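Analysis of the macromolecular model
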Amino acid sequence: IVIVIIAVVLGLTLRQNKSEFESTFLSGCEKFNQYDCKKLWGVFQQAYVDKDPCKVPVEAYDPLIAAAPFKPQCNKTMFWSKTKDVVHGFTEKRKDCFVTLEDTLLGSVLDGLTWCGKEGSNDTFTSGCPGWSECENNPVRSFWICASAAFADVACGDVTAMLNGSINTPFNPTSIFASVEVPRFNASRVKKLNVVVVIQKNNISNCNHSSLKNLTQALDTGITYGCKDVSESRIQECGAKPEIACGACW
Ligand code: C8R
């Protein structure tokens, strides 16, 4: 009987409120019109429920991306690596200038969430899920790789990427930006990559950093490259002053 009680308590703690995650998904989805959110939820779940949470491949989310595809927003696409807060602090105020993956339905709904399934169950769990690097094919990591690849596929015109000048390797080969997005920029669609290195008080890197040489080498021939060191305060100023034209921010 003791074992049964332990098993039930463990089961209850691991089994997070399914309807709570589902309602988070649905309410986030409903902010965007023109989507059948219940249908999207069904398609989303198919990617990971009843599966070993370390055996969810990137392609599992292809049907989800196909059901809520990213629209090309030429000259406005913003990528980032290790600058999430600065970027979103800026883009939430200047939607007229840039869009990130988090401004799309799937990106906004799933940003900050953790989820996984379990073999033999149709539930969604939000705790006890594998961490980002615990195993390669985990549900959250595979989703961000799949979504980032699809988002990079539709990038066009001049694209922008904000990188972090306060870390050792602003262009890190293990990042999603370097490993998934940059390799998919296609010269027939993308004209130029504008890198913005965000400079804070104690910056240790800038546009001259050697890792950025690797970035230029990874770019499809035909894509022009540009880089600017821009202080975090200037980015915030541009966010706070809508009268500054997008092209004059930096
Ligand atoms: N992108 C990747 N990861 C994302 C994400 C996103 O839009 N949104 C969230 N919340 N995440 P990082 P990176 C989560 O290391 O690896 C796209 C994921 O859980 O600072 O270069 C986006 O288009 C993931 O663990 O950056 C952007 O251009 C971290 O945040 C790159 O990929 C990744 O944060 C950023 O990926």
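As a reminder, the structure under discussion sits directly above these lines.
Residues numbered from 1 in each chain as written. Predicted model: local features only at pLDDT ≥ 70, side-chain atom pairs only at ≥ 80, totals over all residues. Heavy atoms only, no water.

1. Regarding the sheet that holds strand 1 (residues 78-81)
The condition that has to hold: At least two DSSP bridges between two strands are needed for those strands to be called paired. Helix numbers and strand numbers start at the N terminus; a helix is a DSSP run of H or I with at least 4 residues, a strand a run of E with at least 2. Interaxial angles span 0 to 180 degrees and are taken between N-to-C directions of axes, which are lines fitted to C-alpha atoms, for helices over the stretch in contact. Residue contacts follow a heavy-atom distance rule, with two residues in contact if any of their heavy atoms lie within 4.5 Å.
Pairing is parallel in the open sheet, where four strands are placed in the order 1-2-3-4. On the outer flanks of this sheet lie strand 1 and strand 4 (224-231), each paired with one strand and no other. For this sheet, the mean angle separating the axes of adjacent strands, direction not counted, is 20°. One ladder, built from eight bridges, connects strand 3 (residues 190-199) with strand 4; its direction is parallel. Note that in strand 4 the partner of Val196 across the bridge is Lys228. Sitting on the sheet, helix 5 (residues 84-91) touches strand 1, strand 2 (157-164) and strand 3, and the angle it makes with strand 1 is about 155°.

2. Considerations on the pattern of salt bridges
Any two side chains of opposite charge can pair, so long as their charged atoms come close to each other. Note the following rule: Criterion for a salt bridge: a side-chain nitrogen of Lys or Arg within 4 Å of a carboxyl oxygen of Asp or Glu. Relative accessibility decides the category of a residue: with a 1.4 Å probe and only protein chains considered, values under 20% of the type maximum give buried, values over 50% give exposed, and everything between is partly exposed.
Taken as a whole and assessed by the stated rule, the structure comprises eight salt bridges. Across the pair Arg94 and Asp96 runs a salt bridge whose closest N-O atoms are separated by 3.0 Å. Look at Arg94 and you get buried, because its relative accessible area is 1%. One network of salt bridges, with partners in common, ties together Arg234, Glu237 and Lys241.

3. Concerning a nonpolar patch on the surface
Keep this limit in mind: Distance thresholds for patches are 9 Å for like charges and 5 Å for nonpolar side chains (Val, Leu, Ile, Met, Phe, Trp, Tyr), applied to residues having over 30% relative accessible area and no salt bridge. Using the Shrake-Rupley algorithm and a 1.4 Å probe, accessible areas are obtained, with residue cover drawn only from the displayed protein chains.
On the surface, a nonpolar cluster with roughly 450 Å² of combined accessible area is contributed by Ile1, Val2, Ile5 and Ile6. By secondary structure assignment, the location of Ile6 is in helix 1 (residues 2-14).

4. A word on the packing of aromatic side chains
Rules: For this analysis, a ring pair means two rings from Phe, Tyr or Trp (six-membered ring only for Trp) whose centres lie within 6.5 Å, classed as stacked if their planes differ by under 30 degrees, edge-to-face if by over 60, and tilted for the remaining angles.
Under the definition given, this model contains 20 aromatic pairs. On the basis of an interplanar angle of 15° and a centroid distance of 6.3 Å, the ring pair of Phe21 and Phe44 is categorised as stacked. Linking Phe21 in helix 2 (residues 18-30) with Phe44 in helix 3 (residues 37-46), this pair joins segments that are 23 residues apart in sequence. Across the pair, Phe44 and Phe21 agree in class, each one buried. Aromatic pair Phe70 and Phe151: ring centres 5.7 Å apart, planes at 80°, arrangement edge-to-face. Of this pair, Phe70 sits in the loop between helix 4 (62-67) and strand 1 while Phe151 is found in helix 7 (residues 139-153), placing the two residues 81 residues apart along the sequence. Neither Phe70 nor Phe151 differs from the other in exposure class; each is buried. An aromatic cluster is defined as three or more aromatic residues linked by ring pairs; in this entry it consists of Phe21, Phe25, Trp41, Phe44, Tyr48, Tyr61, Trp115, Phe143 and Trp144.

5. Some words on the site of the ligand
Counted only if it meets this: Here a residue is considered near a molecule or strand provided that any single heavy atom belonging to it is located within 4 Å of it. In protein, a polar contact means a hydrogen-donor-capable atom and an acceptor-capable atom, both N or O and within 3.5 Å, with residues adjacent in sequence counting only if both atoms are side-chain atoms; elsewhere, any N or O pair within 3.5 Å suffices. Amino acid classes used here: Ala, Val, Leu, Ile, Met, Phe, Trp, Tyr, Cys and Pro are nonpolar; Asp, Glu, Lys and Arg are charged; the rest, including Gly, are polar.
The local shell around the ligand holds 15 residues, among which Ser81, Lys82, Glu102, Asp111 and Glu181 are the closest. One of the side-chain N or O atoms of Ser81 is found 2.7 Å from an oxygen atom in the ligand. At a separation of 2.5 Å, an oxygen atom of the ligand approaches a polar side-chain atom of Glu181. Taking 610 Å² as the accessible area of the ligand by itself, protein coverage stands at 86%. Counting only elements with at least two residues in the shell around the ligand, the list comes to strand 1, helix 7 and helix 8 (176-181). When its residues are assigned to classes, the shell around the ligand shows seven nonpolar, three polar and five charged.

6. A few points about the nonpolar core
Put simply, the rule is: For the purposes of this section, nonpolar cores are sets of buried Ala, Val, Leu, Ile, Met, Phe, Trp, Tyr and Cys residues that join through side-chain atoms within 4.5 Å.
Counting residues in each nonpolar core, the largest one holds 57 residues, and the members touching the most others are Phe44, Tyr48, Tyr61 and Phe185. Here the element with the most residues in this core is helix 7; it accounts for 10 residues. Residues contacting Tyr48, with those up to four places away along its chain left out, are Phe21, Trp41, Val56, Tyr61, Trp115, Cys116, Gly117, Thr124 and Pro139. Core analysis: the second largest hydrophobic core is formed by 15 residues, Met78, Val87, Phe90 and Cys238 among them.

7. With respect to the state of the cysteines
Definition in use: Any two cysteine sulfur atoms within 2.5 Å of one another count as a disulfide.
On inspection of all chains with the given rule, the structure shows seven disulfides. Paired through a disulfide, Cys29 and Cys37 show a sulfur-sulfur distance of 2.0 Å. Because the torsion about its S-S bond is -85°, the bridge between Cys29 and Cys37 counts as left-handed. By relative accessible area, Cys29 is classed as buried at 0%. What makes Cys37 buried here is its relative accessible area of 6%. At a sulfur-sulfur separation of 2.0 Å, the disulfide partner of Cys74 is Cys156. Note on the Cys74 and Cys156 pair: the S-S dihedral is about -100°, so by sign convention the disulfide is left-handed. Taken together, the residues span a long stretch of sequence, with Cys74 in the loop between helix 4 and strand 1 and Cys156 in the loop between helix 7 and strand 2 at a distance of 82 residues. We classify Cys74 as partly exposed; its relative accessible area is 43%.

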